[in-house]
Every structure is written in structure tokens, then in C-alpha cells.
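Report on the structure
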Amino acid sequence: MMKVAVLTKGSTSDEAARYLLKDVEGVEFVYYQMIADVFASTVEGKTDFSVIPIENTIDGSVSLHTEILVNEVDLPIQAEWIYPSVQNLVGRLSELDRLPDTGELDYSPIVKVMSHPVAMAQCLQFIRNHMPNAELEHVSSTADAIRIVRDNPGRGWVAIGQKTAAANNGLDILQESITDHHNNFTRFLLVGPKPLQGKLSDKHKTTIIVSHQEDYPGGLHQVLSALAWRRINMSRIESRPTKKRLGTYYFLIDIEMSMDSILLQSAVAEIEAIGFQVRLLGSYPTFTYKPE
């Protein structure tokens, strides 16, 4: 039995994990409310893998999750996949009236909107247009927000989250797909000590961290040149603080190539030869979402 740690049941992470592993036999999902506990369960051997949302079309990188992955745990990336992040307004239809002139729901009685901060950030335009005076409260997951709304009827509270969680908690979808942009996707990582078995892909990526003890002019150019002249494509490069001294950074680089490639191995060797430290976070298959 493969045990997979994931954020709360009914969350986007839960739906994304089930999508990736739907054709893998013997999977048991273990749910946690906090991302730190998701990581810890795999570090401590309670689960085989952790599912980590790491980047979103609208909100960019999820800084907290990246920091834990880079600085607090030793869990290689074993797979990557993209999943649509469709957020809905969830509550009770019985608590809202409809506007007499248009027949649309009257959102004025809503005093609080609850959700995960990343999901909330994806829907700010809808919130400003329909509930500009409502209090915005961040919680640990979209599924938790829906449960809190379920347990507090009649208070003018609504949640932003998934249809699955709404149905599981007996709540209504007040408005479907309220994200500011319809091409909203979240990138997920499967991290764990061993490779994922039972799924194959013809596309692979490698993630490395490049750092240097002392900053100097042209350093980043030299790193990029080692990749560029070999025609090695990067899908992301991000500078993040080392937390050792103000103004010092490391580079988190996603490369569209397996570490098995001689080209990438030679590029890494060149980067190290010019004085940089290279740490491998994972070389892994990547999966693209295909609507059913």
C-alpha cells in the first residue's frame, strides 16, 4: 500500500493528487491540515510521499512551501503535474435573497469570506465586485474554510473552495468559477525518498539550487551561459534569499531535461568548476493535465 500525505480532504491538493494517482493501484491518502505536517509525515516515514502545491498561474510561487522544501527537509522531487485551480463561492442558498431587477444573488448579507490565502488571491476581483465590505479570513485550506462555514450557519459567512468539499459538507455552490483568470492552474510536486512507480511520462524535468558564497559581477551570466550554449531550456529561474546575510541569494532553477542527460551533467560540472555550489532537488517525470 502506497501512503500519500496531502492537505485536507476535498481541497485542491486532494483533487490534484487523485488525478495524478488515479491509475496507480493501492494508494491510501492521509490527510493533514497544515503543510508542515504533510512534509513531516513523509520525513518521519509515516507516508511514502507528500503532495505539495508549489506554484500558481496567478499567485506565482508558494514561498512557504518552497522554503520548507529547500531549507527544512530532505525530500527529493519525484513527480510534477499541473492541475486546474477552479475556485467556487460556497455557502447556503437559503441564506441569500435574489435581486428583484436581475434575479441574481444578493451578496450584501455576506460579512466574511474564508479560504486558503492562495485561493483567496485568485478571486480578489470577484470579491471586490460583489462583497467589497466583507472581512477576508485566511485558513489552512479551502476544505477547512468550507467546514467552518458549514459549522456556522446564519452568520453571513461563505467560503472559496472546491465542489467536492461543498458536496461533502452539504453546502451549495453560490457561484461557479470565480477565479479572476480562467487559465488558472497550480503546479504540484510529489516528494519522497523513492521514485514513483506505476506512472510513465516522456517528459522530464530537473530542479537544482545554485549558490555562491560571495556575489560577484557576471556570476549569474556564467551560470546561464553554461546552460545556454548547450541549448538546455529552463522553465523557471527564481532568486531567493539565503537567510545567511542580507543581499545574498541562491537560484532555484527548473530545467526541461533529465539529469541522466550527458549535456546537463556537463553543464552542472561547468557551473561547479567556476565556483558555484549545485544541489539537486530532483530529476523527475512531469505530467500534463488532460480534461476527461
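Everything discussed here concerns the structure shown above.
Parameters and conventions
- Residues numbered from 1 in each chain as written.
- Predicted model: local features only at pLDDT ≥ 70, side-chain atom pairs only at ≥ 80, totals over all residues.
- Heavy atoms only, no water.
- Helix = DSSP H or I, 4+ residues; strand = E, 2+ residues; numbered from the N terminus.
- Buried < 20%, exposed > 50% of the residue type's maximum accessible area, 1.4 Å probe, protein only.
- Contact = heavy atoms within 4.5 Å.
- Areas by Shrake-Rupley, 256 points an atom, 1.4 Å probe, with all protein chains shown as cover.
- Lys, Arg positive; Asp, Glu negative; His and termini not counted.
- Charge placed at Lys NZ, Arg CZ, Asp CG, Glu CD.
- Pairing = 2+ DSSP bridges.
- Axes fitted to C-alpha atoms, helices over the stretch in contact; angles between N-to-C directions.
- Core = buried A, V, L, I, M, F, W, Y, C linked by side-chain atoms within 4.5 Å.
- Phe/Tyr/Trp six-rings, centres within 6.5 Å; stacked < 30°, edge-to-face > 60°.
- Lys NZ or Arg CZ within 6 Å of the ring centre and 35° of its normal.
- Arc of directions from axis to C-beta.
- Polar contact = N/O pair within 3.5 Å; in protein donor to acceptor, adjacent residues only side chain to side chain.

Quick notes on the overall build of the protein
- The number of helices and strands found in the protein is nine helices and 15 strands.
- Counting over 292 residues, the protein shows a buried share of 50%.
- A separation of at least 24 residues holds for 74% of the contacts in the protein among residues at least 6 apart in sequence.
- When the accessible area of the protein is evaluated, it comes to approximately 14,600 Å², of which 51% is carbon and sulfur surface.
- In the protein, the 27 positive side-chain charges and the 36 negative ones have mean positions that sit 3 Å from each other.

Some points on the side chain of Gln78
- Tracing the backbone through its elements, the reader meets Gln78 in strand E5 (residues 77–84).
- Leave out the neighbours within four places in its chain, and Gln78 touches Phe49, Leu190, Val191, Gly192, Pro193, Lys194, Pro195, Leu196, Tyr284 and Pro285.

A word on the sheet that holds strand E6 (residues 88–91)
- Overall, mixed pairing links the five strands, which are arranged E8-E7-E9-E6-E10 in an open sheet. Only two strands of the sheet have a single partner each, and these edge strands are strand E8 (135–138) and strand E10 (172–175). Sheet twist, expressed as the average angle between the axes of neighbouring strands with direction ignored, equals 35 degrees.
- Judged from the three bridges that link them, strand E7 (residues 112–115) and strand E9 (residues 157–161) form a sheet pairing that is parallel. Among the inter-strand pairings, Lys112 is bridged to a residue of E9, identified as Trp157.
- On the sheet, helix H6 (residues 142–150) packs against E6, E7 and E9 and is oriented at approximately 155 degrees with respect to E9.

Here's the deal with the nonpolar core
- If you look at the biggest cluster of nonpolar residues, it comprises 20 residues, and the most contacted ones within it are Ile35, Phe39, Ile52, Ile77 and Val191.
- For this core, the elements supplying multiple residues, two or more each, are strand E1 (2–7), helix H2 (35–43), strand E3 (49–56), helix H3 (63–72), strand E11 (185–191), strand E14 (249–255) and strand E15 (277–287).
- Listed in part, the 19 residues of the second largest apolar core include Val4, Ala17, Ala79 and Phe188.

Some thoughts on the packing of aromatic side chains
- Applying the stated criterion across every chain, the model contains five aromatic pairs.
- Their ring planes at 20 degrees and their centres at 5.6 Å tell us that Trp81 and Phe188 sit as a pair that is stacked. Of the two residues, Trp81 is situated in strand E5 and Phe188 in strand E11; the sequence distance between them amounts to 107 residues. Here Trp81 matches Phe188 in class, with each residue buried.
- With centroids separated by 5.5 Å and ring planes inclined at 80 degrees, the aromatic side chains of Tyr83 and Tyr289 adopt a geometry described as edge-to-face. Within this pair, whereas Tyr83 is found in strand E5, its partner Tyr289 is found in the segment after E15, the two being separated by 206 residues in sequence.
- The class for Tyr83 is buried, based on a relative accessible area of 13%.
- A network of ring pairs unites the aromatic residues Tyr19, Tyr83 and Tyr289 as a single cluster.
- Of note, Lys199 hangs over the ring of Phe287, and the distance from its end group to the ring centre comes to 5.0 Å.

Notes on helix H8 (residues 219–228)
- Within the sequence span of H8, burial applies to Gly219, Val223, Ala226 and Leu227. All buried residues of H8 fall inside an arc of 100 degrees around its axis, so they share one side. Away from the buried face of H8 by more than 90 degrees, exposed residues His221 and Ala228 are located.
- Residues of H8 that are buried in the fold lie against strand E12 (204–211), strand E13 (234–241), E14 and helix H9 (262–273).

Looking at unusual backbone geometry
- Located in the positive-phi region is Ser177, a residue other than glycine, with phi close to 45 degrees.
- Within the fold, Ser177 resides in the loop between E10 and E11.
- What makes Ser177 partly exposed here is its relative accessible area of 30%.

Observations concerning the side chain of Lys112
- Structurally, Lys112 is set in strand E7.
- Here Glu137 takes part through its side chain, which lies 2.8 Å from a polar atom of the side chain of Lys112.
- Setting aside residues up to four positions removed in sequence, Lys112 forms contacts with Ala134, Glu135, Glu137, Gly156, Trp157 and Val158.

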